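# Coordinate analysis (summary)
Spelled out from the first residue to the last, the chains are:
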Amino acid sequence: MQVRILGSAAGGGFPQWNCHCEPCEAARTGVRARPRTQSSLAIRGDEGAWFLVNASPDARQQLEALAPQQPDGVRAPPVAGVLLTDAEIDHTAGLLLLRESATPVRVFGDAGIERALRDGYPILAMLEHYCGAIWHTLEPDRPTPLEGSSLVVEAFAVGGDAPLYMNGSGIELEASGFVFRDRAGGGVVTYVPGLARLDEGVLARFAASDLVLVDGTFWRDDELAALGISARTASDMGHIALSGPGGTLAALAQLERPRKALIHINNTNPILLEDSAERQAVLRAGVEIAHDGLEFSL
Ligand code: MLT
Ligand code: MN
Ligand code: ZN
């Protein structure tokens with residue numbers, strides 16, 4: 001199995017266009033921090049094509065990195081389908097950028113995501129007027145083989161709330177994590193860019209993985225409030241903060257089997273600064289901080 005981090009930042013990217021927080025300014029100079037594109041992953045089994053996991057607003061340049069060496073025809077897509085962990089704009093806006101596809105785009109996600117993308121942010125209906133989209137519902141906790149690939153994916157609920165554009169709809173949504181297994185080469189990868197509930201079930205999935213790619217959005221729960229940017233806390237936004245006794249870092253530090261890396265890192269998070277104490281604390285806990293282009297072979 002091969003995994004490539006296409007984008008390691010959270011929504012807004014790094015630096016974010018309107019932000020002058022310390023990490024964003026550092027990313028602009030490129031001295032103490034390296035820029036990152038928005039949250040997305042590519043994965044493939046030992047047999048079969050790449051799949052895109054989350055379609056970010058930066059998908060155009062991210063997919064360029066997957067361009068086949070020997071394309072099968074003039075128009076040859078670099079991925080065989082798109083899997084979605086949630087319906088947030090930073091994970092779905094890239095679907096519109098796939099409209100030049102010569103064939104309908106295959107999109108996988110749970111029933112709640114489909115609902116959001118039909119009712120709240122009707123991307124699936126819009127794509128019908130371009131390339132078309134074929135929706136595949138992933139039932140939670142049920143391993144699903146991906147056609148044309150040795151990969152099997154299993155979605156599981158990780159808490160969180162519906163995207164802001166669904167406010168007032170009365171519809172409740174939870175984000176998913178994915179476990180990928182490769183029937184050809186073995187290996188277990190768990191990917192959770194939005195983690196709101198770190199319960200025994202989620203921890204057991206992490207402990208049984210070879211690689212976990214985990215929500216590293218915020219260092220502190222009140223990170224945005226402390227900068228005067230927003231009153232919303234990390235938990236209001238569906239993310240458990242890294243630091244503190246109930247934080248993700250303490251839980252990850254306990255895991256022995258998997259290699260561990262943080263993804264979906266918000267531009268305000270001090271772990272993005274190469275010389276920060278927070279970054280050192282993450283590395284000391286045996287956890288890596290992903291950057292764009294980071295690859296894992298299992
Ligand atoms: C999130 O990860 O919480 C969302 O992407 C936030 C957003 O972009 O509004
Ligand atoms: Mn996000
Ligand atoms: Zn910023």
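To be clear, the structure that these remarks concern was listed above.
Residues numbered from 1 in each chain as written. Chains lettered and ligands numbered in written order. Predicted model: local features only at pLDDT ≥ 70, side-chain atom pairs only at ≥ 80, totals over all residues. Heavy atoms only, no water.

## Quick look at the coordination of the manganese ion (ligand 2)
At this site the manganese ion (ligand 2) is bound by D90 (OD) and H264 (NE2), with donor distances of 2.1 to 2.3 Å. Pair noted here: D90 is in helix α3 (residues 89-92) and H264 is in the loop between β12 (259-263) and α9 (277-284), with a separation of 174 residues, a long-range link. The two residues D90 and H264 agree in class, both being buried. (Donors = N, O, S within 2.8 Å, 3.2 Å for Na, K, Ca; no water. Helix = DSSP H or I, 4+ residues; strand = E, 2+ residues; numbered from the N terminus. Buried < 20%, exposed > 50% of the residue type's maximum accessible area, 1.4 Å probe, protein only.)

## Describing the site of ligand 1
The environment of ligand 1 is made up of E88, D90, M237, H239 and H264. Interatomic distance of 2.9 Å between a side-chain N/O atom of D90 and an oxygen atom of ligand 1. A distance of 2.7 Å is found between an oxygen atom of ligand 1 and a side-chain nitrogen or oxygen belonging to H239. When the residues that make up the shell around ligand 1 are grouped by side-chain class, the tally is one nonpolar, two polar and two charged. (Near = heavy atom within 4 Å. Polar contact = N/O pair within 3.5 Å; in protein donor to acceptor, adjacent residues only side chain to side chain. Nonpolar A, V, L, I, M, F, W, Y, C, P; charged D, E, K, R; others polar.)

## Overview of the nonpolar core
Counting 34 residues, the largest nonpolar core has L195, F206, L252, I271 and V282 as the members making the most contacts within it. Of all elements in the fold, only α1 (22-29), β10 (188-192), α6 (200-207), β11 (211-215) and α8 (248-253) reach the threshold of two or more residues within this core. By residue number, the principal contributor to this core is α1, which donates three residues. With residues up to four places along the chain from it excluded, the contact list for V282 reads W219, L249, L262, I271, V287 and I289. Counting 31 residues, the second largest nonpolar core, distinct from the first, contains A55, L63, I123 and L127. (Core = buried A, V, L, I, M, F, W, Y, C linked by side-chain atoms within 4.5 Å. Contact = heavy atoms within 4.5 Å.)

## Things to note about the pairing of strand β1 (residues 2-7)
The buried count for β1 comes to five of six residues, which makes it a mostly enclosed element. Note: β1 against strand β2 (residues 40-44), five bridges, orientation antiparallel. Along β2, the bridge assignment pairs G7 with S40. (Pairing = 2+ DSSP bridges.)

## Here we look at the coordination of the zinc ion (ligand 3)
Coordination of the zinc ion (ligand 3) by the protein is provided by C19 (SG), C21 (SG), C24 (SG) and N267 (OD1), with metal-donor distances spanning 2.2 to 2.3 Å. Geometry at the zinc ion (ligand 3) is tetrahedral, judged from its four donor atoms and the angles of 101 to 117° they form at the metal. Each donor residue of the zinc ion (ligand 3) belongs to the same chain, with the gaps between them written as C-x1-C-x2-C-x242-N. Here C19, found in the loop between β1 and α1, pairs with N267, found in the loop between β12 and α9; they are 248 residues apart in sequence, far enough to count as distant. When sorted by exposure, C19 lands in the same class as N267, which is buried. (Tetrahedral: all angles 85-135°; square planar, octahedral: opposite > 155°, others 65-115°.)

## Here's the deal with the pattern of salt bridges
Per the stated rule, a full pass over the model turns up 16 salt bridges. The partner of E100 in a salt bridge is R99, and the shortest N-O contact between them spans 3.9 Å. The class for R99 is partly exposed, based on a relative accessible area of 35%. The shortest N-O distance in the salt bridge between E114 and R118 comes to 2.8 Å. Taken together, the residues span about one helical turn, with E114 and R118 both in helix α4 (residues 111-120) at a distance of four residues. Overall, R118 belongs to the partly exposed group, its relative accessible area being 41%. Connected through shared salt-bridge partners, D141, E154, R181 and R205 make up one network. (Salt bridge = Lys/Arg side-chain N within 4 Å of Asp/Glu carboxyl O.)

## Re the pairing of strand β8 (residues 151-157)
The buried fraction of β8 amounts to six of the seven residues, a majority that puts the element mostly inside the structure. When strand β7 (residues 144-145) meets β8, the two strands line up antiparallel, connected through two bridges. Residue P145 lies in a different strand from β8, and its bridge partner there is V152. The antiparallel hairpin formed by β7 and β8 contains five residues in its connecting segment, where G148 sits at a positive phi of about 80°.

## A few points about the sheet that holds strand β3 (residues 51-53)
Read across the open sheet, the seven strands follow the order β6-β5-β4-β3-β2-β1-β14; overall the sheet is mixed. Whereas interior strands pair on both sides, the edge strands pair on one side only; in this sheet they are β6 (133-137) and β14 (295-297). The pairing of β1 with β14 spans three bridges and is antiparallel. Directly across from Q2, in β14, lies its bridge partner S297. Against the sheet, α4 engages β5 (105-109) and β6, with an angle of about 150° to β6. (Axes fitted to C-alpha atoms, helices over the stretch in contact; angles between N-to-C directions.)

Treat this as a map of the structure, not an account of what it does.
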